[in-house]
Amino acid sequence: MAPQTRLVEVRQKVLKQNDVVARALRQQFHDQGVYVVSLVSSPGAGKTAFLERVLTDVGRERRVAALVGDLATDNDAHRLARSGAPVRQITTGTICHLEAEMVKTALDGWQPQSLDYLFIENVGNLVCPASYDLGEDLRLVLFSVTEGEDKPLKYPTIFNTADVAIITKMDLASAVGFDREAAYRNIDAVRPGMRIMEVSARSGVGMDEFVQFLEARAAEARLPAQV
Amino acid sequence: MHELSIALSLLDLAEEEAERRGGVQVAAIHVKLGPLSGVVAEALLSAYDLARENTRFERCDLVIEQVPIVAYCPNCRGERAVISVQEICCAECGTPTPDIRTGRELELSALEIIDGPADATCGSPAESA
């Protein structure tokens, strides 16, 4: 005789554990007045070059630090450390994304309360990081002019979970025949109204605008805590 | 591919929920999955097949219910389906709809549990009669 079965409602997020840790981190960051920005992109889109520049530029006036995730090697941490900012590497082994728990562990023994900004560079991957909240205030998705304007259409979910799209390597735009209009149209299709910024870490184009934008966002986020 | 870690998280959660209900036997795990969850149904099914080996869920099915993307359309003044994941616009009038209401789900929605004698598929360690 076939056993009787019945359906019992559960309604729990599969990544509940990650979300719990991420929420606690977000609260902790907020209480400490640290504005946290994460960066996602495909490998080679220029996250590290962009972040090195941001750490240098923002670091002149503000206290900044970075966590950087990679499957293997700490090359990126060394590159970022050239900015003078404190940097910690998270080596994920075979895991293709960062999780909130890894961020929490990496921060052990650090003093984020003495920071204005913490940047988290995710593993180069446009798929998996989309599912994991890291407790960040702002998620940037980067894509370079050399990758093709249809990147947002190929990876709509990561664009949809990010707050701002940063188009990198703008100094190469004309050399590679970058179709700016198509790129904007595609970003807007997958994430209507998304803020788009254009930068070149090499030439410095767009960096001032980005820093101003960041400062404004951070000031806005810190406002309620100071009232 | 992060579906394997998702499948492992799913089994941890299913275990916790089954225990919370007194160690019930589970015949199937029901999941709601949205296109904006970042998880692909086919990949999750394969990963689940691997993840359940040698666990109490070895013979449990995974049932995936795909949830469509629904957003608030400011023009229609109501919740509407969107054209596609690549075009987050109202399927009826074409207005861009950034205010997404469903489609991000990655949720253990229900457990199908077995009533009666514990000789059936899976769940708690088999009890001899």
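All values derive from a computational prediction rather than experimental measurement.

S.K.: With reference to specific residues and values, describe the overall build of chain A.
M.R.: Across its full length, chain A carries 8 helices and 8 strands. In terms of overall dimensions, chain A is globule-like: its C-alpha atoms have a radius of gyration of 19 Å, near the 17 Å expected for 227 residues. Projected onto its principal axes, the C-alpha coordinates of chain A cover approximately 75 × 40 × 40 Å. When burial is assessed residue by residue, chain A has 48% of its 227 residues classed as buried. Long-range pairs, those at least 24 residues apart, make up 75% of the contacts in chain A between residues at least 6 apart in sequence.

S.K.: Could you give me a rundown of the interface of chain A and chain B, with the residues and numbers involved?
M.R.: At the junction of the two partners, chain A supplies 31 residues and chain B supplies 33 residues. Looking at the side of chain A that touches chain B, the element that brings in the most residues is strand β1 (residues 4-13) of chain A, giving 10 residues. Within the side of chain A that touches chain B, the residues separate by chemical class into 16 nonpolar, 9 polar and 6 charged. Note: β1 of chain A against strand β7 (residues 106-115) of chain B, 8 bridges, orientation antiparallel. By the bridge assignment, Val-8 of chain A is partnered in β7 of chain B with Leu-111 of chain B.

S.K.: Could you give me a rundown of the confidence of the model for chain B, with the residues and numbers involved?
M.R.: Residue and element names in this part refer to chain B. Summarising the model, chain B shows a mean pLDDT of 90, and 88% of its residues fall at 70 or more. Low pLDDT, under 50, characterises residues 124-129; the predicted model gives this stretch 8 contacts beyond four residues in sequence or across chains. The ipTM, which scores confidence in the relative placement of chains, is 0.85 for this predicted complex, and the corresponding pTM is 0.90.

S.K.: How would you explain the sheet that holds strand β3 (residues 64-70) of chain A if you had to name every residue and give the values?
M.R.: What links the strands of a sheet is backbone hydrogen bonding, and the strands pair in either a parallel or an antiparallel sense. All names here are of chain A. Read from one edge of the open sheet, 7 strands run β4-β3-β5-β2-β6-β7-β8, paired in parallel fashion. The open sheet has two edge strands with one neighbour each: β4 (87-91) and β8 (195-198). This sheet shows a mean twist of 20° between the axes of neighbouring strands, independent of strand direction. Pairing of strand β6 (residues 138-144) with strand β7 (residues 164-168) involves 5 bridges; the strand directions are parallel. Directly across from Leu-140, in β7, lies its bridge partner Val-164.

S.K.: Residue-level account of the sheet that holds strand β4 (residues 78-84) of chain B, with values.
M.R.: All names here are of chain B. Spatially, the 4 strands line up as an open sheet ordered β5-β4-β3-β6, and their pairing is antiparallel. Each edge of the open sheet carries a strand with a single partner, namely β5 (87-90) and β6 (100-102). The average angle at which neighbouring strand axes cross in this sheet is 45°, direction not considered.

S.K.: I'd like a description of helix α1 (residues 16-32) of chain A, backed by residues and values.
M.R.: All names here are of chain A. Its 17 residues give α1 an end-to-end C-alpha distance of 24 Å, which sits within 8% of 24 Å, the value for a rise of 1.5 Å per residue. Asn-18, Val-21, Ala-22, Leu-25 and Phe-29 are the residues of α1 that are buried. Viewed end-on, α1 has its buried residues packed into an arc of 100°, placing them on one side of the element. In α1, the exposed residues that point more than 90 degrees away from the buried face are Gln-27 and Asp-31.

Parameters and conventions
Going along each chain's sequence as written, the residues are numbered from 1 onward. Each chain is given a letter, starting from A, and each ligand a number, starting from 1, according to the order in which they appear as written. For a predicted model such as this one, the threshold for reporting local features is a pLDDT of at least 70, and the threshold for listing and counting side-chain atom pairs is 80 or more; totals across whole chains, interfaces and linings nevertheless cover every residue. A helix here means a DSSP run of H or I that spans at least four residues, while a strand means a run of E at least two residues long, and both kinds are numbered starting from the N terminus. Computation of the radius of gyration draws on C-alpha atoms alone. For the globule rule, the value is 2.2 Å times the number of residues to the power 0.38. In this scheme every C-beta is placed from the backbone, and a residue whose C-beta has 20 or more other C-beta atoms within 10 Å is buried, one with 12 or fewer is exposed, and one in between is partly exposed. Each residue gets a C-beta atom placed from its backbone, and two residues are in contact if those atoms lie within 7 Å. Note on residue classes: Ala, Val, Leu, Ile, Met, Phe, Trp, Tyr, Cys and Pro are nonpolar, Asp, Glu, Lys and Arg are charged, and everything else, Gly too, is polar. A pair of strands is considered paired only if DSSP assigns at least 2 bridges between the two. In predicted models, pLDDT denotes the confidence assigned by the predictor to each residue on a 0 to 100 scale. Between N-to-C directions, angles cover 0 to 180 degrees, with each direction set by a line fitted to C-alpha atoms, over the stretch in contact for helices. Given a helix with a known number of residues, its expected span is that number minus one, times 1.5 Å. This arc is taken over the directions from the axis of the helix to the C-beta atoms.

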